[in-house]
There are 2 protein chains.
Amino acid sequence: MLNQVRQVLPQLSPSEGRVAQWVLDHPKEAAGATLALVARECGTSEPTVLRFCRRVGLSGFRELGIRLTEALSHPVSYVHRDVCPDDSSSDAVLKVMDASIQSLIDMRANLSAMPIDQSVAILSKARQIAFGGLGASGHVARDACHKFFRLGIPCSTLVDTPMILQFAAIAQSSDVMVLLSHTGRWPEFATAARLATSRGATVIAITNPDSELARDASLVFPCQVIEDTSIYTPMSSRLAQLALLDALHVALALACGEPAADRLRISKDALHAQAV
Amino acid sequence: MLNQVRQVLPQLSPSEGRVAQWVLDHPKEAAGATLALVARECGTSEPTVLRFCRRVGLSGFRELGIRLTEALSHPVSYVHRDVCPDDSSSDAVLKVMDASIQSLIDMRANLSAMPIDQSVAILSKARQIAFGGLGASGHVARDACHKFFRLGIPCSTLVDTPMILQFAAIAQSSDVMVLLSHTGRWPEFATAARLATSRGATVIAITNPDSELARDASLVFPCQVIEDTSIYTPMSSRLAQLALLDALHVALALACGEPAADRLRISKDALHAQAV
DNA sequence: TTGAGCATGTAGTAAAATTACATCATTATC
DNA sequence: GATAATGATGTAATTTTACTACATGCTCAA
């Protein structure tokens, strides 16, 4: 909303521009203000304020109040703003955290498009699960492996292409291979997916839906890659992948019922017996 | 807000109750509605609607609109709700995602209490950085190591207690050891922290502030551990740690200026030359 | 049965939002 | 350089909206 105001500001006439500027400077005050007050505050007349509202695409002054409280009630909005070289450390940290939060929120909004139930059904019957990923995704794969193994399912991690290809080559029908790739463009991943599926195994891809890997996988969790305009932008999508695997892990634990829950409890207790 | 309405509903008179019910049923509509419209819609009079507003603790009808848009603009609140065994897969997944999002939001709110500037200052002058963590924190440590090493700083990962103790024993004054532990209760971590600081090295702890480790570290990033009431609760705090390290990494890259930015760019290009 | 107390509605009021129209300045056109 | 045209801005009237004061009617108890 405030961005919308900023955007039309240059096209506004002087008086209307003053109103826009005042709204931007005092958004909190403007949200609850009355038409007369705003006019007085900006040294203009009521109709001018109203014209300003219309010009930013609102139906009237009342809607301005609604839109403004809406925008402000997110005490902070986690919209992505690029980190720029002259940011202070604290600014940069805030921006990165916001980007991370936003990427999780985006993923949450997309959950309905993901094959969660199918994946849980297949994973719960898996003979073994292998998690494959290169570079940063390798760490996610390791983490996932560590998590799922506590359910009592044989798990392994594949962090280089030879390993991934070898696993695919010897996969059996009840094996599951989870492949993590941000862009899905490593040709070896698609090859491994084809190889594994041809042998009857299931390949779950957590990747860009417009990729060769996505086409060749059995199940795809679409993860849009945020175009990183700035070199400072970290891989927020990696966080989202981790959270997704967390969620899948819990869903699987539920689906497996008591035995899995027991194993979780036991493995937690094993740690707490000492300290964590 | 809506909860507030629900709470007073039983104490309301019939007509006022109808208003409350309508507001609960059509919150979106109610947010922008006019007094007359609500009265008509509920088959009652305007003063009754107004009385309803007063009874839920508002100053008038106008405030109802504000509170309502406020409540609705958080399309969902990411409050933590425990996963229970009879949840469906999709319910469980949503709950886990919400918990993850909330833990990031909490961390963001706590950023001001963290020694970001000091850490950046020390890290930018570090001869080498070692990231230490056990179990799940080990994966976070590996991920962080992978990230910081791309800045051109010598980095290593320590994923077991002997390694952590050995690093501490041979640490030099410009070395930095980053220790990750959710509870901070492993005695070896505190020992390592004492050992390393006594040799002039800096120990940055990302851990529970009420722990031995926190006391013995040079700098502490407090991370409150969410009491995991349910065995299904995953380690959301691990996500927050990752995001924090992401942020710290970006802040450090900024502080190091062009050389670090160049290295980041080069390492990104090295990947993009093939595919990621 | 009558009056106290409460729920509800009617009618009125003040203020706010919106509209219609007038004025002024600026620019374009002849 | 006068004049029409366009657009910005304000004034005043109108409508709508929120809110108040008061009246009606109902329920229950003495």
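Structural data are supplied above this passage.
This one's a predicted model, so the numbers in the text were calculated from it and none came from an experiment.

What follows deals with the protein's contact with DNA strand C. Taken together, 18 residues surround DNA strand C, and among them Leu35(A), Phe61(A), Ser13(B), Ser15(B) and Thr44(B) come closest. A share of 66% is what sugar and phosphate atoms reach among the atoms of DNA strand C within 4 Å of the protein. At a separation of 2.2 Å, a phosphate oxygen of DNA strand C approaches a polar side-chain atom of Ser13(B). In this structure, a phosphate oxygen belonging to DNA strand C sits 3.3 Å away from a side-chain N or O atom of Ser45(B). Of all the elements in the fold, those that place two or more residues in the surface near DNA strand C are helix 4 (35–41), helix 5 (46–55) and helix 6 (61–73) of chain A together with helix 2 (14–25) and helix 5 (46–55) of chain B. When residues in the surface near DNA strand C are grouped by element, the largest group, four residues, is from helix 5 of chain A. Of the residues contributing to the surface near DNA strand C, the split by class is seven nonpolar, seven polar and four charged.

Okay, the pairing of strand 1 (residues 128–133) of chain B next. Residue and element names in this part refer to chain B. By the criterion of burial, strand 1 is predominantly enclosed, with six of the six residues buried. Sheet analysis places strand 1 next to strand 3 (residues 175–181), joined by six bridges and oriented parallel. Its bridge partner being in strand 3, alanine 130 is matched across the sheet by methionine 177. Direction of pairing for strand 1 relative to strand 2 (residues 155–158): parallel, over a ladder of four bridges. Paired with alanine 130 across the strands is serine 156, a residue of strand 2. With respect to chirality, the unit in which strand 1 leads through helix 9 (residues 136–149) into the neighbouring parallel strand 2 is right-handed.

Calculation rules
Residues numbered from 1 in each chain as written. Chains lettered and ligands numbered in written order. Predicted model: local features only at pLDDT ≥ 70, side-chain atom pairs only at ≥ 80, totals over all residues. Heavy atoms only, no water. Near = heavy atom within 4 Å. Polar contact = N/O pair within 3.5 Å; in protein donor to acceptor, adjacent residues only side chain to side chain. Helix = DSSP H or I, 4+ residues; strand = E, 2+ residues; numbered from the N terminus. Nonpolar A, V, L, I, M, F, W, Y, C, P; charged D, E, K, R; others polar. Buried < 20%, exposed > 50% of the residue type's maximum accessible area, 1.4 Å probe, protein only. Pairing = 2+ DSSP bridges. Right-handed = clockwise from strand over helix to strand, strands pointing away.

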